[in-house]
Amino acid sequence: MSRRLLFCAVLALTVPLAGCTADAPAPPPPLPTSSGGGAMRLVAFDSCRQLADDLRKAAKASVGPYGLPGSELVYPEVLRDGARTMADAAGAAPTAGASEFSGTNVHEQGADEPDLIKTDGRRIVTVGNGALRVIDVATREETGKVDLDAGLRGSGLQLLLAGNSALVLAPTTSYRSSIADGPDPGGRWTEVLLVDLSGVPTVVSRYRGEGNLVDARMTGSTARVVLRSAPRIKFPFDSGISDEKKRLAAYRDAIDAAPAQAWLPRWEVTDNTGTTKGQADCGRVSRPTDYSGAALVSVLTFDLTRSTLGSGDAVSVVADGDTVYATPDSLYLANDDRWRFDRLPGRIPDRERQQTELFKFALTGNQPPVYRASGTVPGHLINQYAMSEWDGHLRVATTDGATERSAVRVLADRDGRLVQTGIIDGLGKGERIYSVRFLGARGYVVTFKQTDPLYSLDLRDPAKPTVTGELKITGYSAHLQPVGEDRLIGIGQEADGNGRTQGLQVSLFDVADPANPKRLAQYHLPGAYSSAELNPHALLWWPGTRTLFVPVEGRGVLALRVTDDLTLAGEVSQSRLLRSLVAGTELWTYSENGLRASDLSTLRQLAWVQTGN
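Keep in mind it's a predicted model, so treat the numbers as computed, not measured.

Some points on the overall build of the protein
Along its length, the protein carries 3 helices and 40 strands. Residue burial in the protein is summarised as follows: out of 613 residues, 60% are buried. Of all intrachain contacts in the protein linking residues separated by at least 6 positions in sequence, the fraction that spans at least 24 positions is 57%. Accessible surface, the protein as shown: approximately 22,900 Å² in total, 48% of it carbon and sulfur.

This is the structure in structure tokens:
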């Protein structure tokens, strides 16, 4: 491990800042975790003065003449768009006969993910165009609607559903700029709305927190929402300083002048009792030993069975986390070091590190997450599918961009440290990972540059993970979807021998023999693209009829029957199609303008519900 992170349990950071001055002592540091508080711990700042001094020092070292790391004006090539962060998810659908409706295609069962549309089989709930709508499945009619806020139109609304409660997430639509003039520089807010669906849909509580929405997960009726906030520093962007060195000096002066409160996210919650406001207590912020000073990540906890959202009981870390992976019992935050660049003049030299930090939190009931362990791995993750917890171990797949080497590492929690127990190295030399899928003791990795090796992995022994087989085909799979025992679907692009893409490719793999993975069938649509390549939420696998519903940009959705072949069973033509779901014997397809109900067997249209304006 190239460096050590000192860790201590993270406490909720909802205490208002009042009474915490620059030299006032902070509350006592958190108690050791139940893991025994090993050598690696997160520690709280000793005082508000230390927080301000340390974060100023880190921010001054990482700021450039165009702002702090993470600004879209600085490093646009490494920023992940919101769709990718929020869409790194797909998982096994319910088994045939186990349910009469489909859920969101998620990574891990029991850890639901936010999406545009949800159903409980009797009603469909959607968010879009600034409104939440409820559609009755039996009558195929809209039975309720609530306008959320005029300011939320087009903001990428998403929702989670639990019983008669819906949690609407309204993320910011772009990454915050770290250069801003005005009364609230760098300020971005995420809104979380609790909607009661028991009668006429009604917003009963509204949380407004400072920061961008990273992701969210829900287990049972408890949702965890992850926000990343930037410091509120007024940089002299319109000062007319053209010389980069002078501008950098002015930015560092602005950082020196910023109070401790500039780094602490603010929040407010409104319900039928009024509005309560607060800000993080500087003594409740925890940190690793090294950080950019440009961001703070907070995990909020909301119980959807309650009548109000409350403060969220935030658990916060000074970090630049951008990927969330969760099971019903654990939540992992991945924080890579791509903020370390020395490309711009004036920056303190610090070569980009090809490594990713991992923070593990335990989830229990409706309580805030509790820190358990951390570690680092070389390279970067492609998305949340590059992580998987199984049988007490975490499997992580990364690519080192500098050496173009990929590896899968197996990690175990040892007294608060995520320690490597085994490794598979040298996957796809000269290539990078395009997709990963871990399924119990097996794993599958696709790398690509000109051809597509699909690697089959045996992960039964955490000390000796091995590559058992390899299949080379043209093109690549951007997402791997299980479709029954020993069958795997790849959604991606066909390519010629030089790696030039040739249009949508759906591959059916037989992985029954770990030493000899085979492609049984291929469906190729020249010149086409599917949003499921980037956003697996758009993909629907319905095992009851063994049908895969694949969205195609500009056309609608294709219904592919999966046997030992891929057969086109039909197509639903619908412009700007976003999602598909099954409720009873009907296929519902959702676009910006409305929902179409079709017969699941024939795909004949049964009804249209207008939702667009």
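Structural notes on the packing of aromatic side chains
Across all of its chains, the model carries 7 aromatic pairs by this definition. Centroid distance Tyr 207 to Phe 302: 5.3 Å. Interplanar angle 65 degrees. Geometry classified as edge-to-face. Of this pair, Tyr 207 sits in strand S9 (residues 202–210) while Phe 302 sits in strand S15 (residues 296–303), and the two are 95 residues apart along the sequence. Like Phe 302, Tyr 207 is buried.

Notes on the nonpolar core
The biggest cluster of nonpolar side chains holds 27 residues, and the ones touching the most others in it are Leu 51, Phe 235, Ile 255 and Trp 263. For this core, the elements supplying multiple residues, two or more each, are helix H1 (48–62) and helix H3 (244–257). In terms of residue count, H1 provides more of this core than any other element does, 6 residues in total. Residues in contact with Ile 255, not counting those within four places in the same chain, are Arg 56, Ala 59, Lys 60, Val 63, Leu 68, Ile 233, Phe 235 and Trp 263.

Focus: the pairing of strand S7 (residues 165–170)
A large share of S7 lies buried, amounting to 6 of its 6 residues. Alternating residues of S7 divide into Ser 165, Leu 167 and Leu 169 and Ala 166, Val 168 and Ala 170, and every residue in both groups is buried. Where strand S6 (residues 158–162) and S7 come together, 5 bridges link them in antiparallel fashion. Bridge pairing links Leu 159 to Val 168 in S7. Hairpin connection of S6 to S7: 2 residues between the antiparallel strands, including Gly 163 at a positive phi of 60 degrees. Alignment of S7 against strand S8 (residues 189–196), held across 6 bridges, turns out to be antiparallel. Each residue of the ladder has a partner; that of Ala 170, found in S8, is Glu 191.

Let's talk about the pattern of salt bridges
By the definition in use, this model includes 25 salt bridges. A salt bridge links Asp 120 to Arg 123; its shortest N-O distance comes to 3.0 Å. Of the residues examined, Asp 120 reaches a relative accessible area of 25% and is grouped as partly exposed. The class for Arg 123 is buried, based on a relative accessible area of 7%. Taking the shortest distance from any N to any O, the salt bridge between Asp 425 and Arg 405 comes out at 3.5 Å.

Thoughts on the packing of H1 against H3
Remark: H1 packs on H3, axes separated minimally by 9 Å, with the N-to-C direction vectors making an angle of 165 degrees. Regarding the angle of H1 to H3, the classification is roughly antiparallel. When you trace H1 past H3, the crossing you get is right-handed. When H1 is examined against H3, the residues Arg 56, Ala 59 and Lys 60 are found in contact with a partner set consisting of Arg 252, Ile 255 and Asp 256. A per-class count over the contact of H1 with H3 returns 2 nonpolar, no polar and 4 charged.

Description of H1
The end-to-end C-alpha distance of H1, which contains 15 residues, comes to 21 Å, matching closely the 21 Å that a straight helix rising 1.5 Å per residue would cover. Of all the positions in H1, only Cys 48, Gln 50, Leu 51, Ala 52, Leu 55, Arg 56, Ala 58, Ala 59 and Ser 62 are classed as buried.

A look at the environment of Leu 578
With respect to the helices and strands, Leu 578 occurs in strand S37 (residues 577–583). For Leu 578, a relative accessible area of 25% corresponds to the partly exposed category. In sequence terms Leu 578 and Leu 539 are 39 residues apart; their C-alpha atoms lie 9.5 Å from each other. Apart from the residues within four sequence positions on either side, Leu 578 is in contact with Leu 116, Ala 538, Tyr 590, Ser 591 and Glu 592.

A short note on the sheet that holds strand S36 (residues 566–573)
Sheet architecture is open: 4 strands sit in the order S33-S34-S35-S36, paired in antiparallel fashion. What marks the edges here is a single partner per strand, and that holds for strand S33 (540–542) and S36. Adjacent strand axes in the sheet meet at a mean angle of 25 degrees when their direction is disregarded. One ladder, built from 3 bridges, connects S33 with strand S34 (residues 547–552); its direction is antiparallel. Within S34, the position partnered with Trp 542 by the bridge is Thr 547.

Looking at unusual backbone geometry
Negative phi values dominate among residues other than glycine, just as trans dominates among peptide bonds. Positive phi, normally seen in glycine, also occurs at Arg 576, with a value near 55 degrees. Mapped onto the elements of the fold, Arg 576 is located in the loop between S36 and S37. Its identity as a non-glycine residue notwithstanding, Leu 603 has a phi of 65 degrees, on the positive side. Take Leu 603: its relative accessible area is 9%, and that puts it in the buried class.

Observations regarding H3
With 14 residues, H3 should cover 20 Å at 1.5 Å per step; its first-to-last C-alpha distance of 20 Å lies within 8% of that length. Taken residue by residue, H3 has Arg 247, Leu 248, Ala 250, Tyr 251, Ala 254 and Ile 255 as its buried positions. In an axial view of H3, the angular spread of the buried residues amounts to 160 degrees, which keeps them on one side of the axis. Opposite the packed face of H3, turned more than 90 degrees from it, sit the exposed residues Lys 245, Lys 246, Asp 253 and Ala 257. Where the residues of H3 are buried, they touch H1.

Observations regarding the confidence of the model for the protein
Overall, the predicted model of the protein reaches an average pLDDT of 83, with 81% of residues at or above 70. Long-range and interchain partners of residues 1–40, a stretch whose pLDDT sits below 50, account for 119 contacts in this model, where long-range means more than four residues apart. Here residues 173–186 is a poorly scored stretch, pLDDT under 50, and it has 55 contacts once near neighbours within four places are set aside; other chains count.

Analysis parameters
Residues numbered from 1 in each chain as written. Predicted model: local features only at pLDDT ≥ 70, side-chain atom pairs only at ≥ 80, totals over all residues. Heavy atoms only, no water. Helix = DSSP H or I, 4+ residues; strand = E, 2+ residues; numbered from the N terminus. Buried < 20%, exposed > 50% of the residue type's maximum accessible area, 1.4 Å probe, protein only. Contact = heavy atoms within 4.5 Å. Areas by Shrake-Rupley, 256 points an atom, 1.4 Å probe, with all protein chains shown as cover. Phe/Tyr/Trp six-rings, centres within 6.5 Å; stacked < 30°, edge-to-face > 60°. Core = buried A, V, L, I, M, F, W, Y, C linked by side-chain atoms within 4.5 Å. Pairing = 2+ DSSP bridges. Salt bridge = Lys/Arg side-chain N within 4 Å of Asp/Glu carboxyl O. Axes fitted to C-alpha atoms, helices over the stretch in contact; angles between N-to-C directions. Parallel < 35°, antiparallel > 145°, perpendicular 65-115°, else oblique. Left-handed = near helix turned anticlockwise from the far one by under 90°. Nonpolar A, V, L, I, M, F, W, Y, C, P; charged D, E, K, R; others polar. Expected span 1.5 Å × (residues − 1). Arc of directions from axis to C-beta. pLDDT = per-residue confidence, 0-100.

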